[in-house]
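Each chain, written out:
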Amino acid sequence: MSKEKVLSAQEKRILFEINGEKNTLYNKKNRAFDLLKHVQGEKPVIDIERGLYFTRSFKTTEGQPLILRWAKALKYYAEHAKVYIDDNQLIIGRIGRPGRYGILYPELDGDILGDAIKQLPERETSPFNIDPNDAKIISEEIAPYWKGKTFHEDLIKALTPKTAALTYNQDKDFTSRFIVNETASFRSSIQWVHDYKIVLQKGFSGIRREMEKKLNELDEFSPVDQTEKKPFIDAVITVCDAIVLWAHRHAKLAGQLAAKEYNTVRKAELEKIAKICWQVPEYPARNFREAVQSQWFTQMFSRVEQKTGTVISNGRMDQYLYPFYKNDIEKSLITDDDVQEIFDCMWVAMSQYIDLYISSAGGAFNEGYAHWEAVTVGGQTSDGNDAVNDLTYILLKSKREFPLNYPDLAARIHTRSSQRYLAEVAETIKEGSGFPKLINDEEVIPLLLSKGADFEDAYDYSVSGCAECRMPNRDTYTSPNAYINFAAALEMTIYNGHMLKYGDELIGLKTGDAETFTDFDEFFAAYLRQQKNFLKHAFIQQHEIIRLRAKHFASPLGSALHKLCRDTLTDLHQPHIKGGIDLGYFEFIGYATVIDSLAAIKKIVFEEKKATLNQVKKAMQHNFTGYELLRQRLVNAPKYGNNDHYADEIGRTLDREALLFTRQYSKELGINLDLRYVPFTSHVPFGKVVSATPNGRLAWTPLSDGSSASQGADLYGPTAVLLSNFATKNYQYHERAARLLNVKLSPACVQGESGTQKLVQFIEAWRDLKLWHIQFNVINQDTLIAAQRNPENYRNLLVRIAGYSAYFTELSVDLQNDIIARTQNEAI
Ligand code: 8X3
């Protein structure tokens, strides 16, 4: 790292570390930094308690209503699992052993657990260690019980042969083929936000009282009341008791530790912790600290309940915590520094729970221990005013000052966002760790209204997952969705339904040999048929997933925290909940790869006639070896991301065709199945099954990510990328959803006050174009290269991936190279 270069704050911090200097913030934030020191950088370990206690409980409840079985399993966990209070922590409670840990959900894909534990320690992407004794318990007790009962096994059986052929390697234990990829067997619902407000305001005792009242109102002679509603109520009551019991076990432990503690300061802290845990989450929180502890217990216990893909999010923390903050500040019970310390303690606790995906596909989708526990700030109040308050600024400041990849932070932006807010958001982005990601109210809110939401609910959405938006109390659970590799559809168009990776096997449609296409329209039509075929199979998958989900999963805690479920006495996993809005998705992966390939064929083959399609095919078969001149021609054809109508028009057609498909068929599934461009890290494994493509991309390398340009293809600056994104959207279709957009900037181009102002103006342009999402890497290219060469010096280097930030050195070389290959913008 050269000293003359302009560095981001993150790069400066790392340089200090390399030079053995102390971080200047260290003294001020001693506690949180100390807590962090013990956990950062360790390889996570599998904790088996959740899997084990669920298994033991499920063995004793067979035949009972599923929701009740789930609640009883949670109660059994609450009674038996070890409880922990970390030294020096203020926000206490964890659901696994000390350090970084992941937990098991054998009901999902426990059928592969036995093999997975052998591979997990050495896996390239997001590896986990396992204690040999625990491995024995897994193979002897947990895995055998679930064999034949998992969601994964039922889904395999339910798919039609053609759908299965695009989904699984049937000769290799049904591992993913990375073509039409189901994600339902590695999470039981996608991202989610609870109504934390009800817990803070009423406590679980309040929810329990509401349920007791409903129990008394049931018709004792009604078969529906007695067989459907009563088990629901019993389950919610059981789960309220379970979480309270679990919190009380922490209170007791805190009391015991306090009694033994010699350090008077810590003794007083432990006594206070005990008091807090006797109060929350059973009763309403009385102050800011209790509110944070109550929320923490709730989100932790919710993770014990089930594996929500991209995990349970934190919701609008600057909104629901504000009344507690304001009250404490007005009464001088707390200072802003105390508030920041409480938050930082929570972030450290959060950073130790690592979302464990046991399948190889799950691991490959979630490189760098992906995590999406989004904390949302800003946006609008439920009556449409600007929602920014003092807590918003404390949360942004905490992100700038406490160098950690948790929590994921999302800032909502709208047309009346103040200049101070936009400037603080820009300053936080300039820090360089990738926070916050931005979500645009001007795009999201009209779409939520178009789905039937009231203004009040739509204004109050929270960011969840990479870029999704949830309305607590209005959204209903969403089935995990298909990730679709459309670059594979393009390859099948060239090879008449085949892919080089799979040899003679006909996987797609026979749409014609390369030499038979006489003009671009014919070729494009053939591609669109392959695209439609993939969509068909993705929707068949989704249909089966929705049908099977309610038989395999229940969510008594999630339902307790959802007004519609409490009102209708329906579990969140049931497909239709009266008054609910089910926002589901399917994923377009390889968008720019496909656009650029089609544009290259149109230009070079059919317009300029510099090569025949057969010659392009031959060059592709040889991975362009010996065809460099042709490859350069293809590379230099029009590309998405340059505000070039030629390429963008193709992109708009791809988008429109996919939207038309879902407009016609999602009704049959009974949910909103919207088009999304959100890749996780799937563009890397997806690229590994796709041979060379006509845009000049080499075989088996990553596809383009999200709605970003192909790696290095955007040559005219980030504003051109925004304009291409805008030009490829079909704003008349309300079936559109998140488009993830990555932009990489050099620290020099946003340097100083003028740099902040430029970044603010860029954000305003993005907002006014009504794009959905954007996130930034502000970093020098040579820092990334140095980190790849000398990982030991750069363990703390964070980069933005796909809706989350991760440690660069914990990524596979392929993903590292992908990030390096993205265009580095030197000006905005
Ligand atoms: C990222 C992806 O599928 O969990 O937000 O919604 S998903």
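You'll find the structure just up there.
Residues numbered from 1 in each chain as written. Predicted model: local features only at pLDDT ≥ 70, side-chain atom pairs only at ≥ 80, totals over all residues. Heavy atoms only, no water.

Student: Please provide a residue-by-residue account of the overall build of the chain, values included.
Tutor: Counting its regular elements, the chain contains 34 helices and 20 strands. In terms of C-alpha radius of gyration, the chain reaches 26 Å, essentially the compact-globule figure of 28 Å for 828 residues. Referenced to the eigenvectors of the C-alpha coordinate spread, the extents of the chain come out at roughly 80 × 70 × 55 Å. Expressed as a percentage of its 828 residues, the buried residues of the chain come to 66%. Residue pairs in contact within the chain that sit at least 24 positions apart in sequence constitute 79% of those at least 6 positions apart. Carbon and sulfur atoms provide 51% of the accessible area of the chain, an area that totals close to 28,100 Å². Averaging the positions of the 101 positive and the 107 negative side-chain charges in the chain gives two centres separated by 1 Å. (Helix = DSSP H or I, 4+ residues; strand = E, 2+ residues; numbered from the N terminus. Rg over C-alpha atoms; globule rule 2.2 N^0.38 Å. Buried < 20%, exposed > 50% of the residue type's maximum accessible area, 1.4 Å probe, protein only. Contact = heavy atoms within 4.5 Å. Areas by Shrake-Rupley, 256 points an atom, 1.4 Å probe, with all protein chains shown as cover. Lys, Arg positive; Asp, Glu negative; His and termini not counted. Charge placed at Lys NZ, Arg CZ, Asp CG, Glu CD.)

Student: Tell me about unusual backbone geometry, residues and numbers included.
Tutor: The residue after valine 280, namely proline 281, is reached through a cis peptide bond having omega 5 degrees. With an omega dihedral of -10 degrees, the bond running from tyrosine 406 to proline 407 counts as a cis peptide bond. By the element assignment, proline 407 lies in the loop between helix H18 (390–401) and strand S9 (409–413). Positive phi is not limited to glycine here, since phenylalanine 178 has a value of about 60 degrees. Backbone geometry at asparagine 473 places phi at a positive 75 degrees, although glycine is not the residue there. Summarising the element assignment, asparagine 473 is placed in the loop between strand S12 (468–470) and strand S13 (483–485). In this structure asparagine 473 comes out as partly exposed when scored by relative accessible area, which is 23%.

Student: Explain the pairing of S9 to me, using residue names and the numbers behind them.
Tutor: Burial analysis of S9 places 5 of its 5 residues in the buried class, the great majority of the element. Of the pairings in the sheet, the one linking strand S8 (residues 375–378) to S9 comprises 4 bridges and is parallel in character. When the bridges of S9 are listed, threonine 376 appears paired with alanine 410. As for the winding sense of the linkage, the β-α-β connection from S8 through H18 to S9 is right-handed. Alignment of S9 against strand S10 (residues 437–440), held across 4 bridges, turns out to be parallel. (Pairing = 2+ DSSP bridges. Right-handed = clockwise from strand over helix to strand, strands pointing away.)

Student: Break down the packing of aromatic side chains for me, with residues and values.
Tutor: According to the stated counting rule, one finds 44 aromatic pairs in the structure shown. Between tryptophan 192 and tyrosine 477, the aromatic rings sit 4.6 Å apart at their centres with planes inclined by 75 degrees, giving edge-to-face as the arrangement. With tryptophan 192 in strand S6 (residues 192–193) and tyrosine 477 in the loop between S12 and S13, this residue pair connects regions lying 285 residues apart in the sequence. The burial state of tryptophan 192 is the same as that of tyrosine 477; both residues are buried. Members of the aromatic cluster, each reached through a chain of ring pairs, are Phe178, Phe186, Tyr357, Phe365, Trp372, Tyr483, Phe680, Phe686 and Tyr804. Just above the ring of tyrosine 145 sits the side chain of lysine 149; from NZ or CZ to the centre is 3.9 Å. In this structure, arginine 420 is placed above the aromatic ring of tyrosine 393, and the distance from its NZ or CZ to the ring centre is 3.5 Å. (Phe/Tyr/Trp six-rings, centres within 6.5 Å; stacked < 30°, edge-to-face > 60°. Lys NZ or Arg CZ within 6 Å of the ring centre and 35° of its normal.)

Student: Give a detailed account of the site of the ligand, specifying residues and quantitative values.
Tutor: Contacts to the ligand come from Arg187, Ile190, Gln191, Thr310, Gly465, Cys466, Glu468, Asn481, Tyr483, Arg676, Val678 and Phe680. Between an oxygen atom of the ligand and a main-chain N or O atom of cysteine 466, the distance comes to 2.7 Å. In this structure, an oxygen atom belonging to the ligand sits 3.4 Å away from a side-chain N or O atom of asparagine 481. Across the complex, the protein chains shield 100% of the 240 Å² of accessible surface that the ligand would expose by itself. Of the residues belonging to the shell around the ligand, the class tally is 5 nonpolar, 4 polar and 3 charged. (Near = heavy atom within 4 Å. Polar contact = N/O pair within 3.5 Å; in protein donor to acceptor, adjacent residues only side chain to side chain. Nonpolar A, V, L, I, M, F, W, Y, C, P; charged D, E, K, R; others polar.)

Student: Could you give me a rundown of the sheet that holds strand S5 (residues 180–181), with the residues and numbers involved?
Tutor: Within the open sheet, the 5 strands sit side by side as S5-S13-S14-S15-S16. Their pairing is mixed. Two strands in the sheet have a free side with no partner beyond their single neighbour: S5 and strand S16 (736–739). For S5 and S13, the ladder comprises 2 bridges, and the chain directions are antiparallel. By the bridge assignment for S13, valine 180 is matched with isoleucine 484.

Student: So, the nonpolar core: which residues are in play, and what are the values?
Tutor: By size, the foremost hydrophobic cluster in this structure holds 166 residues, and its most contacted members are Trp246, Phe288, Leu321, Phe343, Trp347, Leu438 and Phe776. Sequence-distant contacts of phenylalanine 288, defined by excluding residues within four places in its chain, comprise Leu321, Phe324, Tyr325, Asp328, Ile334, Val339, Ile342, Phe343 and Leu391. (Core = buried A, V, L, I, M, F, W, Y, C linked by side-chain atoms within 4.5 Å.)

Student: Help me get a handle on the environment of cysteine 749, residues and values and all.
Tutor: If you trace the backbone, cysteine 749 turns up in the loop between strand S17 (742–745) and helix H32 (752–768). Residues cysteine 749 and leucine 759, 10 residues apart in the sequence, show an inter-C-alpha distance of 9.0 Å. Leave out the neighbours within four places in its chain, and cysteine 749 touches Gly755, Lys758, Asn825, Glu826, Ala827 and Ile828.

Student: Give me the lowdown on the sheet that holds strand S18 (residues 773–778), citing residues and values where you can.
Tutor: Across the sheet, 5 strands lie side by side as S8-S9-S10-S18-S17; this open sheet has mixed pairing. Of all the strands in the sheet, the pair left with one neighbour each is S8 and S17. Taken over all neighbouring pairs, the strand axes of this sheet differ in orientation by 30 degrees on average, direction set aside. (Axes fitted to C-alpha atoms, helices over the stretch in contact; angles between N-to-C directions.)

Student: Which residues make up helix H26 (residues 591–607), and what are the values?
Tutor: With 17 residues, H26 should cover 24 Å at 1.5 Å per step; its first-to-last C-alpha distance of 23 Å lies within 8% of that length. Extensive coverage of H26 is indicated by the burial of 14 of its 17 residues. Once H26 ends, the next one or two residues include lysine 609, with phi positive near 50 degrees. (Expected span 1.5 Å × (residues − 1).)

Student: Tell me about the pattern of salt bridges, residues and numbers included.
Tutor: If you walk through the whole model with that rule in mind, you get 52 salt bridges. For glutamate 468, the salt bridge identified is with arginine 676, shortest N-O distance 2.8 Å. Here the residue glutamate 468 occupies a position in strand S12, and arginine 676 occupies one in strand S15 (residues 672–677), the gap between them amounting to 208 residues. Of the two residues examined, glutamate 468 and arginine 676, each falls in the buried class. (Salt bridge = Lys/Arg side-chain N within 4 Å of Asp/Glu carboxyl O.)

Student: Describe the state of the cysteines, naming the residues involved and giving the relevant values.
Tutor: Going through the model one piece at a time under the given rule, you end up with 0 disulfides. Cysteine cysteine 277 is unpaired, with the sulfur of cysteine 345 as its nearest cysteine sulfur at 14 Å. Its relative accessible area of 1% is what places cysteine 277 among the buried residues. Not engaged in a disulfide, the cysteine cysteine 565 finds its nearest cysteine sulfur in cysteine 240; these two sulfurs lie 13 Å apart. (Disulfide = S-S within 2.5 Å.)

Student: Would you mind going over helix H34 (residues 813–821) in detail, with residue names and values included?
Tutor: Think of an α-helix as turning once every 3.6 residues; residues three or four places apart then point the same way. For H34, every residue scored as buried is listed here: Leu815, Gln816, Asp818, Ile819 and Ile820. The inward-facing, buried residues of H34 contact helix H30 (683–687), S17, helix H33 (781–789) and strand S19 (798–800).

Student: Lay out the packing of helix H10 (residues 196–217) against helix H13 (residues 288–305) in plain terms, naming residues and giving numbers.
Tutor: With their axes 10 Å apart at the nearest point, H10 and H13 run at an angle of 110 degrees to one another. Taken together, the axis directions place H10 and H13 in an arrangement best described as roughly perpendicular. Contact with H10, carried on its side by Tyr196, Val199, Leu200 and Phe204, involves Ala291, Ser294, Gln295, Thr298 and Gln299 of H13 and no other residues of that element. Class assignment for the residues of the contact of H10 with H13 results in 5 nonpolar, 4 polar and no charged. (Parallel < 35°, antiparallel > 145°, perpendicular 65-115°, else oblique.)

Student: Tell me what's going on with the environment of glutamate 544, and back it up with residues and numbers.
Tutor: Here glutamate 544 lies in helix H23 (residues 520–552). In this structure the C-alpha to C-alpha distance between glutamate 544 and aspartate 134, which are 410 residues apart in sequence, comes to 34 Å. Discounting residues that sit within four places of it in the chain, glutamate 544 has contacts with Leu155, Ala158 and Leu159. Here the side chain of glutamate 544 touches histidine 543 through a polar contact of 3.2 Å, side chain to side chain.

Purely spatial values, then, with no claim about function.
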